[in-house]
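Commentary on secondary and tertiary structure
Spelled out, the chains give:
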Amino acid sequence: MIPASWKDELKRSIRPVPEGRVCRMVGLHLEVEGVDAALGEAIRVEIEGADKILAEVVAISDGRLVCMPYGELAGVRFGARAIPLNRAPAVAVGRSILGRIVDANGHPIDGMGPIVAEDMVGVLNAAPAPLVRPLITEQLPLGIRVLDTMVACGKGQRLGIFAGAGVGKSSLVSMAIRGTKAPVKVLALIGERGREVREFIERDLGEEGLASAAVVVATSDQPALVRIRAALTATRIAEWFRDQGEDVLLIMDSLTRLAMAQREVGISTGEPPTMRGYPPSVGSLMARLLERAGSSDQGSITALYTVLVDGDDMLDPVADAARSILDGHITLSRTRAQMSHYPAVDVLDSVSRLESSILSDRQRLLVQSARRLLAVYQGSVDLIEVGAYRPGVNQQLDLAIAVRERLEAVFGQDVHELSPVETSWSLLAEAMPRGKLVIALRLAEMERRVKQIAAAEAAARLRLAEEAQTLATGNALELSRELVSLPGTPELATLGRLSCTAADQDRRVTQERTAELLAALADLHEKQVWTNAVTRLIEKRHRQERYREERRSTTELVESALRRIPRRDDVHS
């Protein structure tokens, strides 16, 4: 394959290339006149000596090209030569990029020599068409117990990790890279501190994680266009592997710094800041970039994007926009981090939108039961901490208190510890009280429904008691016929199934309680059936009595009228 630089030289030798001049430099951008180029194409600006910088056309204004540089503007003078390259900067891709660390242009910065390119691709690409995306039905394990169980990630899903600074996003990302089953990983470090890059790669990622990963780095001191390009380059590398039929895990840290870089570019080119300081191009760039991840008919890209929320404000414009596009979100709690609960995942505030598609019924039942118990505990945590709650008052809260410590032990995990997904589900199941918890919760819910039905029917039974006894005695045959035709209620069938399940779990405790509830509800059901039938009979009797009353009134009226008509004998006399 002919390198791109050689192609440029060949083109220049065949035909002359027009040259422009730098006519203006304002803030972060420069303007070039006297040359034609399309948006997204590269411009090479020559400086005195052998130095040169690349810039990208980001806007066109008054016949001039507005360009953002990929490097520092130091040394650029008014009238400096600007030569169009008639193409967007290309990136070298291939399997040799795995285990390497590159910059935003795909050039290696790890000192291990050049990358053997299998293809040269542009960083811009179209997202897969909606109808060619296969349905996501398979879970992708990440090796993190709390995520593999409570916020399950599907193969081809896009999740956001939302947290403030210093809560543990980078540690969670490193665990996901080392624990995932995806054969190819692509990591984009956007706007990171220069000190943290090597620290993250050597301490958090390690040789094991780096062996099958490509790392794209753009530190916070580099120009905004370089940070944007690093995100695009990482996504394009992941897309190339997806097109080869691979399952790829793409991790970008962070999406917020990408939005800040686009804000610099947008405001510098004259865009108005409309979303709390962010121009409209920020939302457009995020939508285009995030939609490029996901599944296609050839492979899949499972993406994790970290979102640095401003002041732990989850309603930040970037966080809100990302949450509306992604397929789920993982929220990290600063309170949990301060209590040294790592990973500091707030289970109740995190959700996977594909949970019902990638988990079995049993797994979803475990997750829902655990969430319900954690929510019950969280709602009464103040009473528990001050000692105002007495055990036995609330059965669900007693269960929540009993299993909370066990659940916290399951969700807690050291940064260097990896857990197979089968082990994670087994530990979660063991943390619940041997399967009786689900039945107990359903029975408690059924008790609540029974009490509600009983309270609603109490007034009606009292009101109809006296009249029902009289009508039932005089109309026993008719009442029996109506009772036979009445359908049963679904509560009896539900409790019957629970009773069968309880027999396999605990015949002595749970089944006895189920039988008691069944008897209570059957008694209430029988009373309800009689009450309904009696009510209909009362209404029928009232209609009959109204008809008789109206007929009696009509008869009396006719008889009275007839009495007022004089008889024939009286007329003759």
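Structural data are supplied above this passage.
Because the structure is predicted, anything quoted here is derived from the model rather than measured. (Residues numbered from 1 in each chain as written. Predicted model: local features only at pLDDT ≥ 70, side-chain atom pairs only at ≥ 80, totals over all residues. Heavy atoms only, no water.)

**Topic: helix H8 (residues 317–325)**
Inclusion rule: Under the scheme applied here, a residue whose accessible area is under 20% of the maximum for its type counts as buried, over 50% as exposed, and between as partly exposed, the area being computed with a 1.4 Å probe on protein chains only. Elements are defined by DSSP. Helices are runs of H or I of four residues or more, strands are runs of E of two residues or more, and each kind is numbered from the N terminus. Should any heavy atoms of two residues lie within 4.5 Å, those residues are considered in contact. Two N or O atoms count as a polar contact when they lie within 3.5 Å, although within protein this holds only if one can serve as hydrogen donor and the other as acceptor, and sequence-adjacent residues are included solely when both atoms are side-chain atoms.
If you check which residues of H8 are buried, you get Pro317, Val318, Ala319, Ala322, Arg323 and Ile325. Residues of H8 that are buried make contact with strand S10 (158–163), helix H6 (255–268), helix H7 (280–292), strand S15 (300–308) and strand S16 (328–331). The N-terminus of H8 is capped by Asp316, whose side-chain oxygen sits 3.1 Å from the backbone nitrogen of Val318.

**Observations regarding the pattern of salt bridges**
Under the convention used in this document: Whenever a carboxyl oxygen of Asp or Glu lies within 4 Å of a side-chain nitrogen of Lys or Arg, that contact is scored as a salt bridge.
The tally for this structure, following the rule as stated, stands at 25 salt bridges. Arg95 is the partner of Glu246 in a salt bridge, and the nearest nitrogen-oxygen pair spans 3.1 Å. Of the two residues, Glu246 sits in the loop between helix H5 (224–243) and strand S13 (247–253) while Arg95 sits in the loop between strand S7 (90–93) and strand S8 (101–102), which places them 151 residues apart along the sequence. Owing to a relative accessible area of 18%, Glu246 belongs among the buried residues under this scheme. Put simply, Glu417 and Arg145 hold a salt bridge, and the shortest N to O gap is 3.0 Å. Separated by 272 residues along the polypeptide, Glu417 in the loop between helix H13 (395–411) and helix H14 (421–431) and Arg145 in helix H2 (residues 145–150) bring together distant segments of the chain. By relative accessible area, which is 33% here, Glu417 ends up partly exposed. For Arg145, a relative accessible area of 7% gives the class buried. Each of Arg133, Arg158, Glu291 and Asp327 takes part in a single network of salt bridges with overlapping partners.

**Examining the packing of H5 against H7**
Our working definition: Comment: axis = line fitted to C-alpha atoms, over the contacting stretch for helices; angle = value between 0 and 180 degrees taken between N-to-C directions. Small angles under 35 degrees read as roughly parallel and large ones over 145 as roughly antiparallel, with 65 to 115 read as roughly perpendicular and the rest as oblique. In this scheme the handedness of a crossing depends on how the near helix is turned from the far one: anticlockwise by less than a right angle means left-handed, clockwise means right-handed. Only Asp, Glu, Lys and Arg are considered charged, only Ala, Val, Leu, Ile, Met, Phe, Trp, Tyr, Cys and Pro nonpolar, and every remaining residue, Gly among them, polar.
Running from N to C, H5 and H7 point in directions that differ by 25 degrees, and their axes come no closer than 10 Å. With respect to their mutual orientation, H5 and H7 come out roughly parallel. Relative to H7, H5 is oriented so that their crossing is left-handed. Two secondary-structure elements touch here, H5 through Ile228, Ala231, Leu232, Thr235, Arg236, Glu239 and Arg242 and H7 through Leu285, Leu289 and Arg292. Each residue belonging to the contact of H5 with H7 can be placed in one class, and the counts come to five nonpolar, one polar and four charged.

**Focus on the nonpolar core**
Definition in use: To qualify as a nonpolar core, a set must consist of buried Ala, Val, Leu, Ile, Met, Phe, Trp, Tyr and Cys residues joined through side-chain atoms within 4.5 Å.
Judged by nonpolar contacts, the single largest core of 63 residues is most densely connected at Leu147, Met150, Leu187, Val215, Leu407 and Phe411. Once residues lying within four places of it in the same chain are set aside, the contact partners of Leu187 are Val173, Ile177, Phe200, Leu205, Ala214, Val215, Val216 and Ile251. In this structure, Val123, Leu250, Ala261 and Tyr278 belong to the second largest nonpolar core, which totals 55 residues.

**Notes on the pairing of strand S4 (residues 52–61)**
Selection criterion: Here, strands pair whenever DSSP counts at least two bridges between them.
Of the strand pairs in this sheet, strand S3 (residues 42–46) and S4 are connected by five bridges, and their pairing is antiparallel. Looking across to S4, one finds that Val45 is bridged to Ile53. Here S4 pairs with strand S5 (residues 64–69) via six bridges, running antiparallel. Its bridge partner lying in S5, Ala59 is registered against Val66. Where S4 folds back onto S5 in an antiparallel hairpin, the turn is made up of two residues, including Asp62, whose phi is positive at roughly 55 degrees.

**Examining H6**
Quick note on the threshold: A helix is expected to span 1.5 Å multiplied by its residue count minus one.
Taking 1.5 Å of rise per residue, 14 residues should cover 20 Å, and H6 covers 20 Å from first to last C-alpha, within 8% of that figure. Among the 14 residues in H6, 10 count as buried, and that is most of the element. Taken together, the buried positions of H6 are Leu255, Thr256, Arg257, Leu258, Ala259, Ala261, Gln262, Val265, Gly266 and Ser268.

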